[in-house]
Amino acid sequence: MRFLPALALGLSMLSVAARAEEPAACSAQNAILAFSDTVLTDRDKLPRLKARGFGAEAAYLKIRYGKLSMQDAAELAHRLRDSGVREAIDLAGAIDATRGGYDALKLSDPVQLNGLISTLRAILQAGDGEKLFAAIASLPPARQTSLLGSIVPAVVDWPDTEKVKLAASAGRHKLFFIQAGLAASQRDANAWPVFVAGFADQSMIPDLTRMWSWAPALVGRPALPRIPLPDAEMQAQQKSLHTVTVAAAQEPERDFLMTYVNQTGSIPPAEKAAQALMAEIAAGRVKPAGLINTAWLTAYRVLRENEADPTMVDSTLASIDVHMRAVGDVSVRDVIDRLIAVDALTPYLTGKTADLPAMPEDISAKFQAKWPLWTELAGALKSSPLSAFAKDETKGPILAELLFAAGDPARLADFVLTVEPPEMKMVLATDFAIRLDRTCASYTHHPAEALMLSGQPIFRFDPAK
């Protein structure tokens, strides 16, 4: 199941639902809309196959920041869906379910909901859990699996009272995996014992406990009690692993610590990194609805400080592939190099210092040859006309990265919108629209995203509270 680690108003409320959690104005709103509009307009300049990779996230941000009516939102999403745009089927499904619940989707087979976490959330938010669960329960067990694994991530942020109701509905349809997951992910520490005590088939409890033992991490709680491990050392390891899981559940965007542990088995250094990350979150320097920058740099540096062989950290992270919107398929270590460079250059870019920094010591050997170009472009931001870089597929993305770090969304938008290679413009406009959103309303954030979504977008149209 994709979402397991180490592994859903009336018509009068529709426009309100689309604008729920509307933020105070922020300086990046105009840039977000400009980027979104550009993607939606210019994607047709790409070959059809490539064009399918762009539009869903831009449409979502256009809907939210542009305050589109739900009718206009539906028309936009349906156009993209009918053009085969990746993820647009989930965006359109979420809008349709928000407007009309499960029946509005007119599904011929509930398996069509596989992977559509936004649509599933909207169905449940619309109060159609019974219909959804009845449909899932009608499937053979082998065809239920991926749908079952999506329910808890979809509603991880729901209050316990709502999870209790949903769990009862799942139980009525004998969807015990969902029922258990909803119990395990509640904030009330007594929720699991109550579930266990009231469960009819006690022979299933050990398996359900094993499958969901990690789930309390989603709300920052200790793991479920399991059959005691044979010795104190293994018990301590299990507790340490859970600490890493708790940190991953609070982390913004993506996590690499869980993968690092899986590949190396080196738990104590990862626990130290997780504890440092949680301290940064508690201090407000890392925001779960924000960006990965400080989170990843904190985790990386503390991990390296505490690993007996620091080079193992770099070699392991260099072997872990990740897809990042702005740079494509790279390694985690490649991403960290960029974060280190941006972190070092930010005081200069924001005017806090007049001097360019020396090359950071923790830049990798691979990135050292690139550092002069980054400093050259940082200087160019203050003296050169940026239009000269709009056609350069090497320098253009770096320049945009530095403009973002400088905290100047208007100038960033001015530059990105002049970029001429159409695909590069689409990549940069999509990437920075999403990143700027995470400095504003953070509509693209979802709780426990780093642990459970792994970069999959979620399109939320929650009812106004």
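Calculation notes
- Residues numbered from 1 in each chain as written.
- Predicted model: local features only at pLDDT ≥ 70, side-chain atom pairs only at ≥ 80, totals over all residues.
- Heavy atoms only, no water.
- Phe/Tyr/Trp six-rings, centres within 6.5 Å; stacked < 30°, edge-to-face > 60°.
- Helix = DSSP H or I, 4+ residues; strand = E, 2+ residues; numbered from the N terminus.
- Buried < 20%, exposed > 50% of the residue type's maximum accessible area, 1.4 Å probe, protein only.
- Lys NZ or Arg CZ within 6 Å of the ring centre and 35° of its normal.
- Core = buried A, V, L, I, M, F, W, Y, C linked by side-chain atoms within 4.5 Å.
- Contact = heavy atoms within 4.5 Å.
- Salt bridge = Lys/Arg side-chain N within 4 Å of Asp/Glu carboxyl O.
- Expected span 1.5 Å × (residues − 1).
- Disulfide = S-S within 2.5 Å.
- 1 Å grid on protein atoms, 1.4 Å probe; cavity = no way out; pocket = protein on both sides within 12 Å on 5 of 7 lines; lining within 4 Å.
- Points joined across faces, edges and corners; volume = space filled by probe spheres on them.
- Nonpolar A, V, L, I, M, F, W, Y, C, P; charged D, E, K, R; others polar.
- pLDDT = per-residue confidence, 0-100.
- Pairing = 2+ DSSP bridges.

Caption draft 1: Here's a closer look at the packing of aromatic side chains. For the structure shown, the criterion picks out eleven aromatic pairs. With centroids separated by 5.1 Å and ring planes inclined at 70 degrees, the aromatic side chains of Y65 and Y443 adopt a geometry described as edge-to-face. Of this pair, Y65 sits in helix α4 (residues 56-65) while Y443 is found in the loop between α24 (422-437) and α25 (449-452), placing the two residues 378 residues apart along the sequence. Classification of Y65 by relative accessible area gives buried; the value is 8%. Here F367 and W374 contribute two aromatic rings whose centre-to-centre distance is 5.6 Å and whose plane-to-plane angle is 55 degrees, an arrangement assigned as tilted. When its relative accessible area of 2% is taken as the criterion, W374 is described as buried. Three or more aromatic residues joined by ring pairs make a cluster, and in this case those are F176, W192, F195 and F199. Note that K382 overlies the ring of Y348, its terminal NZ or CZ placed 3.9 Å from the centroid.

Caption draft 2: Molecular detail of the nonpolar core. Ranked by size, the top nonpolar core spans 157 residues in total, and within it F35, L132, F133, L218, F256 and F415 carry the most contacts. When residues in this core are grouped by element, the largest group, eleven residues, is from helix α19 (residues 332-349). For F415, the contacting residues outside a window of four places in its chain are L386, F389, A390, G396, L399, A400 and L403.

Caption draft 3: Local environment of the pattern of salt bridges. All chains considered together, the criterion is met by 30 salt bridges. In this structure, R43 engages D44 in a salt bridge whose closest nitrogen and oxygen atoms are separated by 3.3 Å. Looking at R43, the relative accessible area reads 6%, which means it is buried. The shortest N-O distance in the salt bridge between R301 and D362 comes to 2.8 Å. With R301 in helix α17 (residues 293-306) and D362 in the loop between α19 and α20 (365-368), this residue pair connects regions lying 61 residues apart in the sequence.

Caption draft 4: Structural detail: α4. By the criterion of burial, α4 is predominantly enclosed, with nine of the ten residues buried. Of the positions making up α4, those classed as buried are A56, E57, A58, A59, Y60, L61, I63, R64 and Y65. In the stretch just after α4, K67 is the one whose phi turns positive, near 55 degrees.

Caption draft 5: Focus on helix α21 (residues 371-383). The terminal C-alpha atoms of α21, which comprises 13 residues, lie 19 Å apart, in line with the 18 Å expected from a rise of 1.5 Å per residue. Turning to α21, its buried residues number three or more, namely W371, W374, T375, L377, A378, G379, A380 and L381. Tucked into the core, α21 has its buried residues touching α19, α20, α22 (395-405) and α23 (409-416).

Caption draft 6: The environment of R210, seen in detail. Its place among the elements puts R210 in helix α13 (residues 205-212). Look at R210 and you get partly exposed, because its relative accessible area is 45%. Taking the C-alpha atoms as reference points, R210 and S315, 105 residues apart in sequence, are found 32 Å from one another.

Caption draft 7: Just the state of the cysteines, in detail. Within this structure, the stated rule accounts for one disulfide. Here C26 engages in a disulfide with C440; their sulfurs sit 1.7 Å apart. Across the S-S bond of C26 and C440 the torsion is about 65 degrees, and the bridge reads as right-handed. Linking C26 in the loop between α1 (14-18) and α2 (29-42) with C440 in the loop between α24 and α25, this pair joins segments that are 414 residues apart in sequence. A residue is classified by how much of its surface remains accessible, and C26, at 24% relative accessible area, is partly exposed.

Caption draft 8: Expanded view of the layout of surface pockets. Empty space within the largest pocket amounts to approximately 980 Å³. What lines the largest pocket is a set of 37 residues, among which R254, H323, M324, R325 and D431 lie closest to the centre. Where the lining of the largest pocket is concerned, the elements lending two or more residues are α4, β1 (321-324), α19 and α24. Sorting elements by how many residues they give to the lining of the largest pocket places α24 first, with five residues. Considered class by class, the residues forming the lining of the largest pocket number 15 nonpolar, nine polar and 13 charged.

Caption draft 9: Representation of the environment of A390 in the model. Relative to the helices and strands, A390 resides in the loop between α21 and α22. Exposure remark for A390: the relative accessible area of 3% places this residue in the buried category. Counting along the chain gives 112 residues from A390 to M278, while the straight-line C-alpha distance between them is 40 Å. In this view, A390 contacts F415, T418, V419, E420, P421 and M424; residues no more than four positions away in its chain are not counted.

Caption draft 10: Geometry of the confidence of the model for the protein. Here the protein shows a mean pLDDT of 92. Residues at 70 or above account for 93%. The low-confidence segment residues 1-23, where pLDDT is below 50, has 67 contacts with residues more than four positions distant or belonging to other chains.

Caption draft 11: Quick look at the pairing of strand β2 (residues 328-331). Examined bridge by bridge, β1 and β2 share four bridges and lie antiparallel to one another. In the sheet register, V322 faces β2, and the bridge partner there is V330. Between β1 and β2, which pair antiparallel in sequence order, lie three residues.

Caption draft 12: A look at the environment of K174. In this fold, K174 is placed in the loop between α10 (160-172) and α11 (176-184). Note on K174: relative accessible area 64%, which makes it exposed. For the pair K174 and L303, spaced 129 residues apart in the sequence, the C-alpha separation amounts to 43 Å.

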